[in-house]
Each structure stands twice: as structure tokens, then as C-alpha cells.
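# Report on the structure
Chain by chain, the residues run as shown.
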Amino acid sequence: MRIDAIYTNGRFRTMDPARPAATRIGVLGGRIVGVDEELADVHAHRIVDLNGAPALPGFHDAHYHLSMTGRRLQSLDLGSFSSMGPLLEAVREHAKNVPPDGWIFGAGYDQNILGSHPVADALDRVAGGRPVLLQHVSGHMHVANTAAFERAGYHRREGVPDVDGGQVVRDADGRAQGLLQEKAMGLIQGAVPGPGLDDVQRNLAAASEQAVAYGLTSLTEPGLGGGRMVGNTAADFHSYQAAVENGALKPRMTLMPSIGAFHYLEGFADQDWFGLDLGIRTGFGDDRIRMGPVKIFSDGSLIGKSAAMRQCYHGEPDNKGFLQLDAGDLKRIIVDAHKAGWTIATHAIGDEAIDHVMDGVEQAQREAPRPRARHRIEHFAVANAEQVKRAASLGIVPVPQGRFISAFGDGMIDALGAERAEHCYRMKSLLKAGIELPGSTDSPVADGNPLHSIHDMVNRLTHSGQELAPDERLSAHQAIRAYTHGSAYAAGEEHNKGSLSTGKLADFVVLSDDPLEVDPVTIRDVTVGATVIGGESVYDDGALHT
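Described below are features of the structure shown in this document. (Residues numbered from 1 in each chain as written. Predicted model: local features only at pLDDT ≥ 70, side-chain atom pairs only at ≥ 80, totals over all residues. Heavy atoms only, no water.)

### Re the sheet that holds strand β15 (residues 216–224)
Just so we agree on the cut-off: The criterion for strand pairing is that DSSP finds at least two bridges linking the strands in question. Every helix listed is a DSSP run of H or I at least four residues long, and every strand listed is a run of E at least two residues long, numbered separately from the N terminus. Only the stretch in contact is used when a helix axis is fitted, and all axes are lines through C-alpha atoms; the angle between N-to-C directions ranges over 0 to 180 degrees.
The sheet built from four strands is open, its strands ordered β8-β15-β16-β19 with parallel pairing. Among the strands making up the open sheet, the edge pair consists of β8 (59–61) and β19 (289–291). Shown here is a sheet whose adjacent strand axes are inclined to one another by a mean of 15°, direction ignored. Sheet topology note: the β8/β15 ladder contains three bridges and is parallel. Bridging from a neighbouring strand, His60 pairs with Ser218 of β15.

This is how it looks when you write it as C-alpha cells:
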């Protein structure tokens, strides 16, 4: 028998309990057809020697904005600034290369590090009359200058309306300061030139190259077609399909359509149908691109203090955040999407928002039982023990982000206070409750490197060295399982991905060291030597020898 390839002389940790280790893996048609002694009488067109390097199943990020990551990679990066002066100077220098009537875009600033948000008046002084739009690192707010408001048809002193589900931050005289939160961002976004299809292809290509260099073989894109906060254009699925056809897109993708693209469909005799045209729903597609859950936003950001909380934010006695949707509307949408056969993934960070989402899921399952629906709560950031228990009983898959611990943990502790911070981005508690935990970063909100995220899941130390809910620490094996089997499970793909087992897709990553053997505080130092998808190399830093 002759197969496509044999990868030999590797230290494969398969994450398959039936056969946890292997030294050889055989590939035919993009899938694993045997390991070790099963390949004794098998020949291959290619023999690839790993020279004893450790290898794991390919990493799978369960919540990763690929198109937004690519856009940020090619925008003015504000994430490295720790004070306002250098940030404003960077905007000034960037403006010199922007046409007088062009827009200045930047992304990635964090007011917890800068000390405050940028304001329109300061941006006016450095922009040379050009409109400026700076996106917060969370993606849940941005700052616009005077020229940007004017392009949108508003004068900052008067005429900027309040927005349900959002906030326009104003000074003592009622003038818009520049900061727009949540749905208020839509006041400006309609005036911003949208990306063309070629722009989206460039963004996907840039983000794909970074992803495979990080060892990511599968990603779940959480929201397309719902406007520029999530997605790019009304043709987002076309853009991804075209990127596969032209080779720009490398990782396997599960795509979540935004609830903003949904509508009620006629022609179903038994019930109204809620979703996309032709009744397409979760699960449609193939091994390269498939339709995932519908993405719904229920609240905002924790570090932006707009997530909906039961109690006020620490030090802000009048601020509990807010819901983006009325609780009744949120429940109706969840129930209708569930009845139409969709898996539902709802962004819910605050404990109040989490309760409302679970109320919707509970009602949906009561009215139309689907025990294997695997509805998700994206982030599930602040949850008490009863909420964890309830999520488990409802079969909900929480999707927390390990990378947030070091990237934003100090700001989260400040927002919640020490006591409530113990309920922040829980992980060990989810496993103890019997929940299958996925791994994710929310890239580009946080850097998408899965090894850095695994490091944070194990160590749970903030940027300043504070412990964030240390009882939620995972073992290295638990964290790796989350980034392999756990994320595959969250996407309904554990039969195809998550372990190196016969019959599954031949997706794996070759590493510089074994993260299960190194000192836990050095996991972030492990690097990727090669990434293989479907038995073919998509990234090689010298680890593969033929």
C-alpha cells in the first residue's frame, strides 16, 4: 500500500486517551490512516523526518476574528503605547502619509494603560483636519475627532443623539468628547469608507500567515455580515470562499453569521423560520469552511466597563454597564434561532447578561428540546458558582479567553474589585462542573498566539504579576486539551479534529519543546517549528526534513 506521506521520528502527543503517544503518522487524502506499527508495511510518496521534535494536534482557537486581525495588522498599531503623548505623536506622523481628505485609522489602545481615553480635541490638533477613528483594544468602543463627527453629519456641541444600547460620552457642557461605546459607534461607522473585496482578501491573507505561524490549524470567526464591528461587507462568506480558492486562507474556518444578517423567512408551513435565505443553518459546509453558530451581542466590554453587571463596577457607584438588547428581545431572538435549528453563540461578559442569555436558552430548550445543540456563551467573563452549575445543566459551552489574563487582568481586577475578580474568566470551575472547555484569544483583542494563551491558563498572572483567580489555574494538559479537543467540541467537530487519531484530519503542529515537560512559567517560550494542515506543510521554520 502506498499513501501520501509518513511523518516519522516525532514525539507526537496525540491527545487520544486510547493511544496517547506515537512516533510516526501516516497520511492519505488529508487524513490520518495509521500510526506506528500500523504503518509497518506501508510505503509513502513522501517521508518527512521531524528529528525527534515534539508535536501536538493543531491548535484550534474557538473565538478568533481573522478578518479584523488582518485589518489591524495593516493599520496604525496603538497597542504598544503606555502614555498619551507618544500615541498622539504617532497619529501626527501617520497623518503625514494620509491624503488631506482621507481617514486616519488606528486600533488597539487601552485606557487602563494610557490612563484615559484619547479625546477629540487632542486628535484634532494632530490630524491636520483629517477625520480620525481610533478603535479601543476591545473593539467595543472607539474615539472620533471633530472632522469624523462632521463627516457623519453631526456637530459635537449639539445634534449628537443618545443611542439605546450604547453611550455617547459627553463633557460637562454636553458636548461629545469623542468616545462612543457599543451601539453608539454606529453614529460614525456609516460615514467610514468600507473595505473593498480586494482589501478583505489582503486582510485574510495577512492574518492567515500569522495564524499558521502560531500553530493554528482551525479557527472560529465570531461574527460576519453584521456591520464593521463584526465582519466587513454583506459578501463576507464570498470573501472567505474566494480566499480558499486563491490560496490566501490557510486555517480551516467555522464562520458565525451575525444576528444582524438574519430575517424571518416565509414558505415554511409548520412555523416561521428565522435565519438566512434558503434555510441554510449551522453545520452547512465542508472541512475547509463551514457554517457555525449565529453570533448575538448581549452586552459590552469588561475593561471598558460597559458589560451588564448585577452590581456596580468597583469605584463607580452609578455604573452597572448595560445590555445591547432588551432582555425580552434577547430571549425572543434566542428562542426563534434555536427553533430554526441554529446553534447560538451569545457574547455575554457581565453576570446580568449571562443570566439573561441562560434564561433564553432555558426557554428555547423547554419549547423545542434539542439536547445536543451546544449553545455557547462567548466570554462568560464574570460568573458565580450557581451560574457555572446552571450553564452545565443547560449544556452550554462557555468560551473564555485565557490570553486576557495577562493582557487585561490588571484592568479587570480594577473594574471588579478583589472579591468579584475571583469569579473572573473561570476555567477550572468549568471543568469541575463537567463542561468541555475550549481555548481562545479573541484575536486581535488579544494576541492570538495559543502558546501564550496556554501559558496564561496555567499561570494566571496579570501583566503586573498579580494573581487573577488563582483557584482557576489549569494543568498544562488541561489547557492543551482545551486548545485541541475542547475547541473542536465547541464547533461540533470533535469527530474530525482535536486528537491525532486514525480517521481524523491530519492537522498538527511541531514545537521547539514539549509544553507538558517544561517549567510552567516558561510555556510562553515554546515556539512553533512547523504547522501541517491536511498532511501538507503550511508553515515551516526548519522543522520538516524530507
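### Description of the side chain of Arg426
Here is the rule we go by: We call two N or O atoms a polar contact when they sit within 3.5 Å, provided that within protein one can donate a hydrogen and the other can accept it, with sequence-adjacent residues counted only if both atoms are side-chain atoms. Should any heavy atoms of two residues lie within 4.5 Å, those residues are counted as being in contact.
Structurally, Arg426 can be placed in the loop between α13 (418–421) and α14 (428–432). Looking at Arg426, its side chain comes within polar contact range of the main-chain oxygen of Ala383, at 2.8 Å. Non-local contacts of Arg426, meaning those with residues more than four positions away in its chain, are made with Ala383, Asn384, Ala385, Val388, Pro400 and Glu472.

### Points about the pairing of strand β14 (residues 176–182)
Each regular strand carries side chains that alternate between the two faces of the sheet. Where we set the bar: Classification of residues uses two cut-offs on accessible area relative to the type maximum, computed with a 1.4 Å probe and protein chains only: under 20% is buried, over 50% is exposed, and between them is partly exposed.
Counting buried residues in β14 gives six out of seven residues, a clear majority hidden from the surface. Pairing of strand β12 (residues 141–144) with β14 involves three bridges; the strand directions are antiparallel. Residue pairing for β14: Val143 is matched across the bridge by Leu179. Note: strand β13 (residues 166–170) against β14, four bridges, orientation antiparallel. Across the sheet, the residue bridging to Gly166 is Glu182, located in β14. Where β13 folds back onto β14 in an antiparallel hairpin, the turn is made up of five residues, including Gly174, whose phi is positive at roughly 85°.

### Details of the packing of helix α2 (residues 84–95) against helix α4 (residues 120–127)
Pairs of packed helices are described in terms of their axes, by the angle between the two and the distance that separates them. Short version of the rule: Helix crossings fall into two classes, left-handed where the near helix is turned counterclockwise from the far one by less than a right angle and right-handed where it is turned clockwise. Here the term charged refers only to Asp, Glu, Lys and Arg, the term nonpolar to Ala, Val, Leu, Ile, Met, Phe, Trp, Tyr, Cys and Pro, and the term polar to all other amino acids, Gly among them.
For the pair α2 and α4, the least separation of the axes is 8 Å and the interaxial angle reads 40°. You can see that α2 and α4 cross each other, and the crossing is right-handed. Contact residues: Leu88, Val91, Arg92 and Ala95 in α2; Ala122, Leu123, Arg125, Val126 and Ala127 in α4. Among the residues making up the contact of α2 with α4, the classes are represented as seven nonpolar, no polar and two charged.

### Considerations on helix α15 (residues 450–459)
Since the α-helix advances by 3.6 residues per turn, residues separated by three or four positions end up pointing in the same direction. Judged by how many residues are buried, α15 sits mostly within the fold: nine of ten residues are covered. Buried residues of α15: Pro450, Leu451, Ser453, Ile454, His455, Asp456, Met457, Val458 and Asn459, and no others. The secondary structure elements touched by the buried residues of α15 are β8, β15, α12 (404–416), α16 (476–490), β24 (508–511) and β25 (528–533). N-cap assignment for α15: the residue whose side-chain oxygen lies 2.9 Å from the backbone N of Leu451 is Asn449. Looking one or two places after α15, you find Arg460, whose phi comes out positive at around 50°.

### Quick notes on the packing of helix α7 (residues 197–213) against helix α8 (residues 236–245)
Using the following cut-off: Roughly parallel refers to an angle under 35 degrees, roughly antiparallel to one over 145, roughly perpendicular to one between 65 and 115, and oblique to any angle outside these ranges.
For the pair α7 and α8, interaxial distance at closest approach is 10 Å and the crossing angle is 60°. Taken together, the axes of α7 and α8 are oblique relative to one another. As for how α7 packs across α8, the hand of that crossing is right-handed. Residues Leu197, Val200, Gln201 and Leu204 of α7 lie in contact with α8, whose contacting residues are His238, Ser239, Tyr240, Ala242 and Ala243. Looking at the contact of α7 with α8 residue by residue, the class counts come to six nonpolar, three polar and no charged.

### A closer look at the pattern of salt bridges
Rules: The working definition used for a salt bridge is a side-chain nitrogen of Lys or Arg within 4 Å of a carboxyl oxygen of Asp or Glu.
One pass over the full model with this rule turns up 31 salt bridges. Across the pair Glu38 and Arg19 runs a salt bridge whose closest N-O atoms are separated by 3.9 Å. Highlighted residues: Glu38 in the loop between β5 (31–35) and β6 (43–49) and Arg19 in the loop between β2 (11–13) and β3 (21–22), separated in sequence by 19 residues. Judged by its relative accessible area of 41%, Glu38 falls in the partly exposed class. Taking the relative accessible area as the measure of exposure, Arg19 reaches 25% and is therefore partly exposed. Between Asp199 and Arg202 there is a salt bridge, with its nearest N and O atoms 2.4 Å apart. One end of the pair, Asp199, and the other, Arg202, are both in helix α7, three residues apart, so they sit about a helical turn from each other. Classification of Asp199 by relative accessible area gives partly exposed; the value is 30%. Through salt bridges with shared partners, one network takes in Asp121, Asp124, Arg156, Asp171 and Arg175.

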